[in-house]
Amino acid sequence: MLQEEEVTHLVLFYENRLKDHHLVIPAVLQGLHALSLCEVLAPGLAVSVLKAIFQEVHVQSLPQLDRHTVYSIITNFMHTREEELKGLGADFTFGFIQVMDGEKDPRNLLVAFQIVCDLILKDYVLGPFVEELFEVTSCYFPIDFTPPPNDPHCIQREDLIVSLRAVLASTPQFAEFLLPLLIEKMDSEMQSAKLDSLQTLGACCTIYGQKELQEFLPSLWSSLRREVFQTASEKVEAEALAALHGLSACLSRSVLSSDTEDLLDSFLSSILQDCRHHLCEPDMKLVWPSAKLLQAAAGASFRAGHRITSSIVPLLLEQYNQHPQSSQRRTILEMLLGFLEVQQKWGHEDEEESALLCSRAPLCSVLFSALTDPSVQLQLVGIRALTVLGTLPGLLAPPDVQLVVDHLTRLVLHADDSQSCVAAMEAAGSLAPIYPGAFSGRMVQRLAEELQSEREEEGRRSMQSLRARCLQALAAVSTHPGIVHETIPVLLQCLRQVPKGNVPARACDVVAVCQSLQQVAVQCQRDTESCWYYHQTVVPCLLAVTVQAAMQENAHSPLGKLLLEEEVLSAMVPVVSAASAHLCPELAAQSVSQLVPLFLDGEVSFLPQDSFPCPFQPFQGGQHVAAQRRLVALLMAFVCSLPRNVLIPQQDRLLQELLALSCSCDCPFTATAAAKCFAGLVNKYPAGQQLDQLLETAVSRMEAGLAEGPLRSQALALLLWVTKGLVLRYHPLSSRLTDKLLGLLGDAELGPAVADGFSLLMADSPDVLHKGCHADVRIMFRQRFFTDSVPKLVQGFHTAGPGVKANYLKGLSHVLNHLPRPVLVTELPTLLSLLLEALSCPDHVVQLSTLSCLQPLLLEAPHVMSLHVDTLVTKFLGLTSSPAMAIRIAALQCVHALTSLPVPVVLPYKPRVIRALAKPLDDMKRLVRKEAVVARGEWFLLGSPGR
């Protein structure tokens, strides 16, 4: 390592060499660059080096690499010798201007722009050279750089734009030079120049003040107004509005003194003067551009919002009443909605000074009239506007709130169009936390009355539709703890009515109640108190009614079996899961201490109804045991959703019972539920000897079940779910179980089911073994499973007999379909030939899965896919005549995606493809015809100019 004295001698030596022949300059600069990194550089040497470079070297005559070295030397010294360089004063700025002047290489410009930013942001002295520094950088504005093809440096136009913008918008000192330049470029015909200028203006507004903008405000407003009124580009319009917002915000920040003009007020007056009259024009041509400009300015600050809203809202209300047509009223109401949203942004600033207070009564009148208008689209805008108005403090008086609730209730119950009904439910959900008393006392009560009433005069379909709406609305409005306490008993009463026979016994009725309960559960997860109330109220009720149904003497009648149907129990699973997943550990432990003994020991004392005709013993023999065992699905939903730190009582005994049930039960639904529950618990089980012993026992049971007998399918289901649980947590045994599954692909009886099981292993499970239920899920499990299993799948395919090859292809397609695209693209060259072979497989599942896999690859890996274009075209066109509609649609989507390949590759196939796509145009199915039209249109345009 060099000493300080040695570094000093070397610096002086290199400085003298700068005066030598120009051929030695590159080597000298390299030496100085190395010395600029030395920590033992003596004070004053950094200044000496830079002075020598500024005086002796004509930097812009050097090659690119040497110029880059000079910029690097300056950068190094600015990082390590800042105070010394600042001692040079404006001479340092002038020297750098000379160095940079005329630079053209984008690699060097990125460094130079950063140096200028540092000069300004770190308060180097610019002195009299502010304009020169601006000129030496602004000459590149706007950037028109296009990177050459296959550029190894990967410098993009956007990189230069962002770097230059950071320079231009770094100091208010540039304002007098920059703003005229921006106005000039905004008035040009080039869209890229307009966009760059508008974005740069927006960036400048964050640091400019009233003083910098005052002189240029009229010209800036004129340019921005023209871009919104006359532009044909949505991008330019959006940037112009953003820039106007920035100007208004900048002026709003200025602190007023008694002797200064209020520029914000005069600026907003100009905007109002130029835009307000357009809102009253009969043809309404410039209504939307004017409204957008006004809303962009109003949204910048509370002052701006108050000034504009107080002027515009009364005018819009007047225009609404003057235009009788629904389409015109809808336009006016949408504009009004925009101004309400502006007030929503600033409404909390000062409730008593709200610009809408004076217009409160006519505003409510207009919105209520919109909700009763026959036009559905006007109703929808009215609902949205009323929702926003309801969130603004102090704008809805108590009588108005009651009217809002009544209108929303009416739309929920009686709206002819489902869109209005759904919008009313969403609005009720948004407003209920603000006005819980009104919604609880009026809407919930009315919905409950509708559910309890029996309407003999109405048709069954109408009655069921009204019932479904009431259930959905009860769930939607349950967004406040007080309302949840009102709606949950109503929903549970609907559930209890089904087995009592008050409502016609249909599974879909119970499923609808469960779906509403699930929605309420998800909404309760945000509040700990509501979550616990929901859990201790809903879960015991569900268990009570289902346990009662499982024990009834008439359990084999249609009514008694209703609650035990697979569809109904499957609908209850997400209810229990959502009610349990967000419990705090203490409350979860309290609940699990009751529920597990219910299933293991028949302890029913905690249930709302603890008087049952026979014992509840799902894991033992006895009366109605088959019906009782079906309730293991609810046990699964509960215990598999608990946090991992919650201790489950008698867990080992429970696991043994679940293992035995999953292998011995002849009911597939029950056996699968037990297998999923077992796998979910194993996934969270702490690593150690106990887990290893448990898994060995499970493997022995599975091997025995798979060997022979009538319950092989149940053993396979257990194997799949246990494998998934272990794959997710990277357990070592997962490889052994995966190999067993690979071996079963050659089984004539189980092979197809095993192949479908690979989709189960890779996909997210909706009820267990996912992050939402606190499962142990490692982030890269899919990639790891792919690496372990795909080579074996490929090898197995090549060695398998003709009768089972399809199983390997199906398993492979399932794995690839769930693999992250970047990984799949990387492995594509080795797997593409096998995927093409899968398209010839007679199994429709294989074909559909493979098409779904190939379609995005055509877009993401065109160069690899181009090598097989002939085969791809032939296969895809052949599958457009498949008997399966889903395959015809997927094949047409792939034919469409072929047009993304390089044009020279696919252009020779254009006539053939267009002829072949004539047949799907006459397909019996509309969805197929739709895809055929889109694909054929793209192929017609293939090779056209401008594409």
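Residues numbered from 1 in each chain as written. Predicted model: local features only at pLDDT ≥ 70, side-chain atom pairs only at ≥ 80, totals over all residues. Heavy atoms only, no water.

The name that an unreviewed UniProt entry assigns to the protein chain is MMS19 nucleotide excision repair protein, with the source organism given as Gopherus agassizii. What UniProt records for the protein chain under Subunit (unreviewed entry) is the sentence "Component of the CIA complex." Among the UniProt annotations of the protein chain, the heading Sequence similarities (unreviewed entry) holds the following wording: "Belongs to the MET18/MMS19 family." (UniProt positions renumbered as here; feature names shortened; annotations may be inferred.)

## What to know about the overall build of the protein chain
Along the backbone of the protein chain there are 48 helices and 0 strands. Dimensions of the protein chain, computed from the C-alpha atoms along their principal axes, are close to 105 × 75 × 65 Å. The buried share of the protein chain, reckoned over its 947 residues, is 56%. For the protein chain, the share of sequence-separated contacts (at least 6 apart) that also reach a separation of at least 24 residues comes to 73%. Within the structure as shown, the protein chain displays about 40500 Å² of accessible surface, and the carbon and sulfur contribution to it stands at 53%. Charged side chains in the protein chain number 73 positive and 98 negative. The centres of these two groups are separated by 9 Å. (Helix = DSSP H or I, 4+ residues; strand = E, 2+ residues; numbered from the N terminus. Buried < 20%, exposed > 50% of the residue type's maximum accessible area, 1.4 Å probe, protein only. Contact = heavy atoms within 4.5 Å. Areas by Shrake-Rupley, 256 points an atom, 1.4 Å probe, with all protein chains shown as cover. Lys, Arg positive; Asp, Glu negative; His and termini not counted. Charge placed at Lys NZ, Arg CZ, Asp CG, Glu CD.)

## Here's the deal with the packing of aromatic side chains
For the coordinates displayed, the defined rule picks out 11 aromatic pairs. Between Trp221 and Phe267 the ring centres are 6.5 Å apart and the planes differ by 85°, which places this aromatic pair in the edge-to-face class. Of the two residues, Trp221 is situated in helix α13 (residues 217-230) and Phe267 in helix α15 (residues 263-275); the sequence distance between them amounts to 46 residues. For the pair shown, Trp221 and Phe267 are each scored as buried. (Phe/Tyr/Trp six-rings, centres within 6.5 Å; stacked < 30°, edge-to-face > 60°.)

## Topic: the layout of surface pockets
Considered as a void within the structure, the largest pocket measures approximately 310 Å³ in volume. If you trace the largest pocket, you find 21 residues lining it, with Val573, Pro574, Ser577, Pro766 and Asp767 closest to the centre. Listed by contribution, the elements that provide at least two residues to the lining of the largest pocket are α26 (507-524), α29 (566-580), α32 (632-639) and α34 (668-684). With 6 residues, the top contributor of residues to the lining of the largest pocket is α29. Split into classes, the residues belonging to the lining of the largest pocket amount to 10 nonpolar, 8 polar and 3 charged. Per-domain counts for the lining of the largest pocket show at least three residues from each of domain 4 (478-498 + 507-649) and domain 5 (661-819). (1 Å grid on protein atoms, 1.4 Å probe; cavity = no way out; pocket = protein on both sides within 12 Å on 5 of 7 lines; lining within 4 Å. Points joined across faces, edges and corners; volume = space filled by probe spheres on them. Nonpolar A, V, L, I, M, F, W, Y, C, P; charged D, E, K, R; others polar. Domains from an automatic or database assignment.)

## So, the domain arrangement of the protein chain
Its domain assignment divides the protein chain into domain 1 (1-139), domain 2 (172-258), domain 3 (262-347 + 355-396), domain 4 (478-498 + 507-649), domain 5 (661-819) and domain 6 (839-946). Each of domain 3 and domain 5 was reduced to a C-alpha centroid, and the two centroids are 59 Å apart.

## Structural notes on a negative patch on the surface
A contiguous patch of negative charge, built from Glu131, Glu132, Glu135, Glu176 and Glu215, is present on the exposed surface. Relative to the helices and strands, Glu176 is located in helix α10 (residues 175-186). Exposure remark for Glu176: the relative accessible area of 54% places this residue in the exposed category. (Patch = residues over 30% accessible without salt bridge, like charges linked within 9 Å, V, L, I, M, F, W, Y side chains within 5 Å. Salt bridge = Lys/Arg side-chain N within 4 Å of Asp/Glu carboxyl O.)

## Thoughts on unusual backbone geometry
Omega for the peptide link from Phe141 to Pro142 comes to -10°, which places this bond in the cis form. If you check the backbone angles, Asp123 has positive phi at about 60° while not being a glycine. Within the element layout of this structure, Asp123 appears in the loop between α7 (106-121) and α8 (130-138). Of note in the backbone geometry, Tyr730 takes a positive phi value of approximately 60° without being a glycine. Along the chain, Tyr730 falls in the loop between α36 (712-728) and α37 (733-744).

## Description of the environment of His818
Within the fold, His818 resides in the loop between α40 (805-817) and α41 (821-838). Here His818 falls in the partly exposed class, since its relative accessible area comes to 27%. For the pair His818 and Phe786, spaced 32 residues apart in the sequence, the C-alpha separation amounts to 9.8 Å. Polar side-chain contacts of His818 include one of 2.9 Å to the backbone oxygen of His814. (Polar contact = N/O pair within 3.5 Å; in protein donor to acceptor, adjacent residues only side chain to side chain.)

## Description of the pattern of salt bridges
If the charged atoms of two oppositely charged side chains come close together, the side chains can form a pair. Under the defined criterion, the tally for this structure stands at 29 salt bridges. With a closest N to O distance of 2.8 Å, Glu82 and Lys86 form a salt bridge. Here Glu82 pairs with Lys86, and both are found in helix α5 (residues 82-86), just 4 residues apart, close to one helical turn. Looking at Glu82, the relative accessible area reads 23%, which means it is partly exposed. Residues Asp756 and Lys810 are paired through a salt bridge, measuring 3.7 Å at the closest nitrogen-oxygen approach. Note that Asp756 is positioned in helix α38 (residues 751-762) and Lys810 in helix α40, a separation of 54 residues in sequence. Given a relative accessible area of 35%, Asp756 falls into the partly exposed group. What you see here is one network of salt bridges that share partners, running through Asp187, Lys194, Arg226 and Glu227.

## Some remarks on the packing of α38 against α40
In a pair of packed helices, the angle between the axes and the distance between the axes together describe the arrangement. Where α38 meets α40, the closest approach of the two axes is 8 Å, and the angle between their N-to-C directions is 10°. As far as their axial angle goes, α40 and α38 are roughly parallel. Facing α38, whose interface residues are Gly751, Pro752, Ala755, Asp756, Phe758, Ser759 and Met762, α40 presents Asn807, Lys810, Gly811, His814 and Val815. A breakdown of the residues in the contact of α38 with α40 according to their chemical character gives 5 nonpolar, 5 polar and 2 charged. (Axes fitted to C-alpha atoms, helices over the stretch in contact; angles between N-to-C directions. Parallel < 35°, antiparallel > 145°, perpendicular 65-115°, else oblique.)

## A look at the side chain of Lys194
Positionally, Lys194 belongs in helix α11 (residues 191-205). Note on Lys194: relative accessible area 13%, which makes it buried. Apart from residues no more than four positions distant in its own chain, Lys194 is found in contact with Lys185, Met186, Asp187, Ser188, Glu227 and Val236.

## Notes on the packing of helix α33 (residues 651-664) against helix α35 (residues 689-707)
Where α33 meets α35, the closest approach of the two axes is 10 Å, and the angle between their N-to-C directions is 15°. The angle between α33 and α35 places the two elements in the roughly parallel class. Where α33 crosses over α35, the handedness of that crossing is right-handed. Of the residues in α35, those in contact with Asp652, Leu655, Gln656, Leu659, Ala660 and Cys663 of α33 are Gln690, Leu694, Thr697, Ala698 and Arg701. (Left-handed = near helix turned anticlockwise from the far one by under 90°.)

## Things to note about the state of the cysteines
Applying the stated criterion across every chain yields a total of 0 disulfides. With no disulfide partner, Cys494 has as its closest neighbouring cysteine sulfur the one in Cys470, 8.5 Å distant. In this structure Cys494 comes out as buried when scored by relative accessible area, which is 0%. Cysteine Cys531 remains unbridged, with the sulfur of Cys524 as its closest cysteine sulfur at 7.0 Å. By relative accessible area, Cys531 is classed as buried at 4%. (Disulfide = S-S within 2.5 Å.)

## Structural notes on the side chain of Thr899
Mapped onto the elements, Thr899 comes out in the loop between α45 (885-897) and α46 (903-906). At 2.6 Å, the side chain of Thr899 and the backbone oxygen of His896 are in polar contact. Aside from chain neighbours lying at most four places away, what touches Thr899 is Glu938, Trp939 and Leu942.

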